[in-house]
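# Summary of structural features
Read off the chains here:
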Amino acid sequence: MKITVIGTGYVGLVTGACLSEMGNHVVCLDLDARRIAALNQGQLPIHEPGLHDVVLRNARSGRLEFTTDIDRAVAHGMLQFIAVGTPPSEDGSADLQHVLAAARSIAERMAGYKLIVNKSTVPVGTADRVGEAVAGVLAGRGLPADFAVVSNPEFLKEGSAVQDFMRPDRVIVGSADERATELMRAVYAPFMRNRDRLVVMDVRSAEFTKYAANAMLATRISFMNELALLAEKLGADIENVRTGIGMDPRIGTHFLYAGTGYGGSCFPKDVRALIRTAQDAGQEFHILPAVKAVNDRQKQVLTDKIVARFGADLAGRRFALWGLAFKPGTDDMREAPSLAIIERLLALGAEVVAYDPQAMDQARQALGERPGLSFAQLADAALQGADALVIATEWKEFRSPDFAHLAATLRERVVFDGRNLFEPAELRAAGLEYHAIGRGTAPANSLPSTHAER
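Residues numbered from 1 in each chain as written. Predicted model: local features only at pLDDT ≥ 70, side-chain atom pairs only at ≥ 80, totals over all residues. Heavy atoms only, no water.

### Notes on the sheet that holds strand β10 (residues 351–355)
So the rule is basically this: Between any two strands, pairing holds if DSSP finds at least two bridges. Helix and strand labels come from DSSP, where a helix needs a run of H or I of at least four residues and a strand needs a run of E of at least two; each type is numbered from the N terminus. All axes are obtained by fitting lines to C-alpha atoms, using only the stretch in contact for helices, and the reported angles, taken between N-to-C directions, cover 0 to 180 degrees. In what follows, a contact means two residues having at least one pair of non-hydrogen atoms within 4.5 Å.
Pairing is parallel in the open sheet, where six strands are placed in the order β11-β10-β9-β12-β13-β14. Strand pairing shows two members of the sheet lacking a second neighbour, β11 (373–375) and β14 (433–435), which therefore form its edges. Recorded for the sheet is a direction-independent mean angle of 20° between the axes of neighbouring strands. One ladder, built from three bridges, connects β10 with β11; its direction is parallel. The partner of Val-352 across the bridge, within β11, is Leu-373. Sitting on the sheet, helix α15 (residues 360–367) touches β10 and β11, and the angle it makes with β11 is about 160°.

Below, the structure is given as structure tokens:
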């Protein structure tokens with residue numbers, strides 16, 4: 001099939017690459033000439049495991065192309081996937097200007113039937129607005145409304161997006177048009193050889209499903225973080241609690257990890273957008289505002305522990321920070337908990353030496369030049385001269401450090417673990433003082449965390 005993907009950000013690039021991997025001829029359109037030039041040279045704007053190989057392989061075969069030529073992109077595909085950004089407005093609602101601009105660009109150039117696929121995360125009712133925009137342009141051109149609009153929300157996890165697209169647990173299609181539905185079935189059929197996971201529903205329900213899913217996952221994280229703070233006061237270990245409740249099949253094991261709060265491009269933005277949607281619909285939400293408030297507070301919990309241990313004046317103190325990205329497997333710094341930790345430590349007069357396997361460049365862009373902030377090229381280099389170690393992201397390379405080396409290197413032999421990677425007794429045995437999230441004085445029998453879900 002000939003497919004056009006508008007937008008080469010995280011969702012658009014993964015979508016275009018994976019669709020081309022199944023033999024489709026995909027043209028990816030972006031107005032950022034520098035980004036397109038880089039992609040044509042094999043340079044990706046994001047870090048995503050496995051994506052580089054898929055892009056290079058299909059670009060070399062001619063199945064995947066990148067262009068800034070709108071005329072060519074619209075002419076190419078019967079299916080036009082819109083995967084542009086929907087950044088939050090000041091009131092928390094999703095900004096749809098790029099989505100609607102893409103729709104109008106299609107309408108201004110189309111010369112035959114087009115299926116417009118909303119892949120961007122958008123509020124309920126966006127498909128109607130896209131349809132109205134396209135119909136209005138076509139009417140002005142004196143052309144019939146020979147098009148359909150469907151919703152096809154993405155459910156990709158950063159760090160495993162290629163696998164998620166190639167082996168989806170579900171594909172949601174919001175459609176009221178039989179021809180459009182059959183075309184979407186044809187697109188996704190190669191991804192479902194073993195079992196049909198494509199679910200067709202009305203468009204508004206499909207749009208709502210995306211927000212509901214992310215809001216539910218964010219709620220689980222905030223709830224576990226609330227429980228973790230209570231566990232500390234009660235002398236319980238949240239890791240043991242997590243193991244116990246996760247064995248209940250009604251609850252399951254995913255998104256039950258206490259930590260420093262969720263971040264990234266989806267959960268914070270989508271929670272705010274759904275709160276705003278409820279307000280606009282005249283419904284007062286009670287749970288989601290609390291989810292957001294808990295998460296905002298949780299990003300300060302690890303620094304609160306540092307202040308409780310060293311005092312509010314951190315002048316002359318140096319902290320090694322392991323992990324910058326909001327989760328492992330990505331270089332995404334958007335709303336990463338590490339940003340709040342760094343900002344507050346610097347404000348209290350501390351020095352911070354940070355290390356991350358992938359997100360150093362993104363972190364430099366997000367934080368800029370700051371007095372007291374520096375970056376190390378290796379995890380061990382960040383430890384040199386540090387009073388304590390702070391862990392903000394659970395990268396695999398942090399999971400089994402040499403504890404004796406940590407004890408010998410850190411001046412105060414203190415570890416602040418925002419991801420509950422280690423067993424408290426093991427660190428104490430190595431002569432390290434250990435502060436984690438929700439781990440009281442109860443004996444630790446659970447396995448260390450290996451999560452990478454947020």
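The structure having been displayed, the exposition proceeds.
### Things to note about the nonpolar core
As a reminder, the rule being used: The nonpolar core is taken to be a set of buried Ala, Val, Leu, Ile, Met, Phe, Trp, Tyr and Cys residues, with the residues joined through side-chain atoms within 4.5 Å. The buried label applies to any residue whose accessible area, calculated with a 1.4 Å probe on protein chains only, is under 20% of its type's maximum; exposed applies above 50%, and partly exposed to all values in between.
Counting residues in hydrophobic clusters, the biggest one holds 63 residues, and the most contacted among them are Phe-319, Trp-322, Leu-324 and Leu-389. With five residues, the single largest contributor to this core is helix α14 (residues 337–347). If sequence neighbours within four positions are ignored, Leu-389 has contacts with Ala-320, Trp-322, Leu-383, Leu-406, Leu-410, Val-414, Val-415 and Phe-416. Counting 42 residues, the second largest nonpolar core, distinct from the first, contains Val-26, Leu-39, Phe-66 and Met-184.

### With respect to helix α8 (residues 178–188)
Just so we agree on the cut-off: To obtain the arc, one takes the directions from the helix axis to the C-beta atoms. The term polar contact refers here to a pair of N or O atoms within 3.5 Å; inside protein, the definition further demands a hydrogen-donor-capable atom paired with an acceptor-capable atom, and it admits residues adjacent in sequence only when both atoms are side-chain atoms.
Regarding α8, the residues found buried are Ala-180, Thr-181, Leu-183, Met-184, Val-187 and Tyr-188. The buried residues of α8 occupy an angular sector of 165° when projected down its axis, which confines them to one face. Capping the start of α8, Asp-177 holds a side-chain oxygen 3.1 Å from the backbone nitrogen of Arg-179, two or three residues further along.

### Some details on unusual backbone geometry
Although it is not a glycine, Glu-335 adopts a positive phi angle of roughly 55°. Tracing the chain through its elements places Glu-335 in the loop between β9 (318–322) and α14. With a phi close to 55°, Arg-413 is a non-glycine residue in the positive phi region. With respect to the helices and strands, Arg-413 occurs in the loop between α17 (403–409) and β13 (414–417). Given the relative accessible area of 41%, Arg-413 is considered partly exposed.

### Some points on the pairing of β10
As a reminder, the rule being used: Note on handedness: a crossover is taken as right-handed if, strands pointing away from the viewer, the path from the first strand over the helix to the second is clockwise.
Burial within β10 is extensive, with four of its five residues counted as buried. Looking at chain direction, β9 and β10 are connected through five bridges and run parallel. By the bridge assignment for β10, Ala-320 is matched with Val-353. Of the crossover connections in this fold, the one passing from β9 over α14 to the parallel β10 is right-handed. The parallel pair β10 and β11, bridged by α15, forms a crossover whose chirality is right-handed.

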